[in-house]
Structures are given as structure tokens and as C-alpha cells.
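# Breakdown of the fold
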Amino acid sequence: MTYPTKTFNLPVLEGLSEKQIKVHLGLYEGYVKHVNLIMEKIQALKAADAEGNAYLINELRRRFGFEFDGMRMHEYYFEQLEGAAQAPDAGSSLAQAAEAKYGSAENFIAHIKEVAGSRGIGWVIVYADPTAKTLHTVFVNDHELGQLAGLPIVLALDLWEHAFMVDYVPAEKKNYVEAFLANLNWPVVEKRFAAAMSAA
Ligand SMILES: [Fe+2]
């Protein structure tokens, strides 16, 4: 099987230029291409000489998480910007869980911004934890390292520099985070959280 490159129904975004999004989508396409390429290469190397190519195959397997998570994380990222920006619903199960953990919906947003201020490149990821009926907001440096095992992702904020450097210099990262949050289609995030909770 091969993974398809998804297309996203993105509106004109406030504070994120068409060029920025185009560059970023190009990067996403690269991840999809390499996920498929790694699977294809492993098959071919095994078929040609499994023993002789063992070292190469092992190294390709090590790279799989980087490419796969790069693909999937960008799908989470762009899907939550599809349609149109919509404000959070104060009555959603996500809002309730956020209130229980952070005190209020405003504190939840403030917490996301605080975590986004972590030095270095990476992602802010909000996970649902259905068994504990809560959520976690985590800074994940490399998308293949430091993810919380098995927890569904409800929000993915890309803080690799390629995500904003067409429009912002590194010192303006805060402005990018504001723009991202302003463009977020919150019902997408709320539906992810509700689905994760009901699947538990
Ligand atoms: Fe990215």
C-alpha cells in the first residue's frame, strides 16, 4: 500500500501568507513521499539480499517514525485550519476537561502559548487521555521522539521554523502562535477530543 498526499480545504488565513502555506504543504508532501519510499526500499532491499542489506534495512526502519510522524502531524496541523476559523465552544467536552485541568478555557489557551514559548523547534501537542479523562499539553521536540504512547492527538501546533519563517523571523514566533490560534477551526479540535473520549 501507499499513503496518499491529502489535500486540504484551506481558507485565506489571517497572518499566514499563501506562500508560507505553500512552502509548508510542500514539506508535508515530502514526508508522504518518504514514508512510501522507505516502505518500498525495505521491500526491494529484502527481496534483493535480505542478509547483505540488513544494516541498510535496519537504518531505514529507524527513519520510519520520523517520516511517518512528519506526515501524520502535518495532517493534524492542516486539518484543523480547514474550513474557516471558529471560536471554541464553551460547552464542549474539551472545554470542560480544559477547565478541570487549567481552571478556565482562557487559562488553557494561555498554557498552550506558554508551552509554545519553549526554546527550540518542535510541536505543541494537546493529547486526550481517555482513561484518565483528562488532557495533556506537551512540547515534543522531534515528532518521532517524546510522543505520549497511544494518546489521541487533538491539537497540533507546528513550531519548526519552516512553519513560520516565510512570514516571521524567529523573534516573532509569538506572533505566529497568535496567528495560528486565530485561524484555528476549534470544532475540529473539539470533535477529536469528543471522539477520543467516546472511544474509551
Ligand atoms: Fe511543519
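Scroll up for the structure.
Owing to the predicted nature of the structure, the values given are computational and were not obtained by experimental measurement.

In this structure, Lys173 sits in helix α5 (residues 173–183). Glu161 provides the closest opposite charge to the buried, unpaired Lys173, separated from it by 7.5 Å. Engagement of the side chain of Lys173 in a polar contact is seen with the backbone oxygen of Ser118, the distance being 3.0 Å. Apart from the residues within four sequence positions on either side, Lys173 is in contact with Ala116, Gly117, Ser118, Gly120, Leu159 and Phe164.

Counting buried positions along strand β2 (residues 134–140) yields six of seven residues, so the element is predominantly enclosed. As paired elements, strand β1 (residues 123–129) and β2 share seven bridges and run antiparallel to each other. Note on β2: the bridge partner recorded for Val124 is Phe139. Linking β1 back to β2 in an antiparallel pair, the connection comprises four residues, with Lys133 at a positive phi of about 50°.

Two pairing modes exist for strands in a sheet, parallel and antiparallel, and in both the strands are linked by backbone hydrogen bonds. Sheet architecture is open: three strands sit in the order β2-β1-β3, paired in antiparallel fashion. The sheet is open, and its two borders are formed by β2 and β3 (153–158), each paired with just one other strand. Strand after strand, the sheet turns through a mean of 15° between neighbouring axes, direction not considered. Contacts from helix α6 (residues 186–199) reach β1, β2 and β3, with the element oriented near 140° to β3.

Moving on to the coordination of the iron ion. Coordination sphere of the iron ion, protein contribution only: His24 (NE2), His74 (NE2), Asp158 (OD) and His162 (NE2), at 1.8 to 2.1 Å. Each of the four donor atoms bound to the iron ion contributes to angles spanning 86 to 132°, and the resulting shape is tetrahedral. Spacing between the donor residues of the iron ion along the chain follows H-x49-H-x83-D-x3-H. A relative accessible area of 0% places Asp158 in the buried class.

Rules used throughout
- Residues numbered from 1 in each chain as written.
- Predicted model: local features only at pLDDT ≥ 70, side-chain atom pairs only at ≥ 80, totals over all residues.
- Heavy atoms only, no water.
- Helix = DSSP H or I, 4+ residues; strand = E, 2+ residues; numbered from the N terminus.
- Buried < 20%, exposed > 50% of the residue type's maximum accessible area, 1.4 Å probe, protein only.
- Lys, Arg positive; Asp, Glu negative; His and termini not counted.
- Salt bridge = Lys/Arg side-chain N within 4 Å of Asp/Glu carboxyl O.
- Polar contact = N/O pair within 3.5 Å; in protein donor to acceptor, adjacent residues only side chain to side chain.
- Contact = heavy atoms within 4.5 Å.
- Pairing = 2+ DSSP bridges.
- Axes fitted to C-alpha atoms, helices over the stretch in contact; angles between N-to-C directions.
- Donors = N, O, S within 2.8 Å, 3.2 Å for Na, K, Ca; no water.
- Tetrahedral: all angles 85-135°; square planar, octahedral: opposite > 155°, others 65-115°.

Just distances and angles here, no functional claims.
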